[in-house]
Amino acid sequence: QVQLVESGGGLVQAGGSLRLSCAASGRTFSSYAMGWFRQAPGKEREFVASIIRSGSYTYYADSVKGRFTISRDNSKNTVYLQMNSLKPEDTAVYYCAARDPAIQHYDYWGQGTQVTVSS
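Quantities reported herein were computed from a predicted structural model and do not represent experimental measurements.

Turning to the pairing of strand S4 (residues 33–39), a few remarks are in order. Most of S4 is tucked away, with 6 of its 7 residues classed as buried. Looking at chain direction, S4 and strand S9 (residues 92–99) are connected through 7 bridges and run antiparallel. Bridging across to S9, Arg 38 finds its partner in Tyr 94. As defined by bridge partners, S4 adjoins strand S5 (residues 46–51) across 5 bridges and the pair is classed as antiparallel. Among the inter-strand pairings, Gly 35 is bridged to a residue of S5, identified as Ser 50. A loop of 6 residues connects S4 with S5, the two strands running antiparallel in sequence, and Gly 42 in this loop sits at a positive phi of about 75°.

What counts, and where the lines are drawn
- Residues numbered from 1 in each chain as written.
- Predicted model: local features only at pLDDT ≥ 70, side-chain atom pairs only at ≥ 80, totals over all residues.
- Heavy atoms only, no water.
- Buried < 20%, exposed > 50% of the residue type's maximum accessible area, 1.4 Å probe, protein only.
- Helix = DSSP H or I, 4+ residues; strand = E, 2+ residues; numbered from the N terminus.
- Pairing = 2+ DSSP bridges.

Honestly, it's all geometry; don't read function into it.
What follows is the structure in structure tokens.
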């Protein structure tokens, strides 16, 4: 089992940057593929980015491609989301999640961190 704790959210002006972190408990962090999701008020949760166990492949939603970067440090049991050129429409609660690579759905979720981008 993995426990996830996000941090790094906050209020930023449009065009600014934030880096989210997600710290995982347990010794098997490197066994999991990791993802970031977000949910804006009144909207469904949506995929943002994901990274495979080794960190060598990453995937992004079209809406964030070229602006966000997902990375991981398996020695620190942490996954990151660097967010640049933020837009007001990026405002949401951001969640990190972990999944066993053998299955498609994410089993473990953090509590979320709020990101607010002002115009």
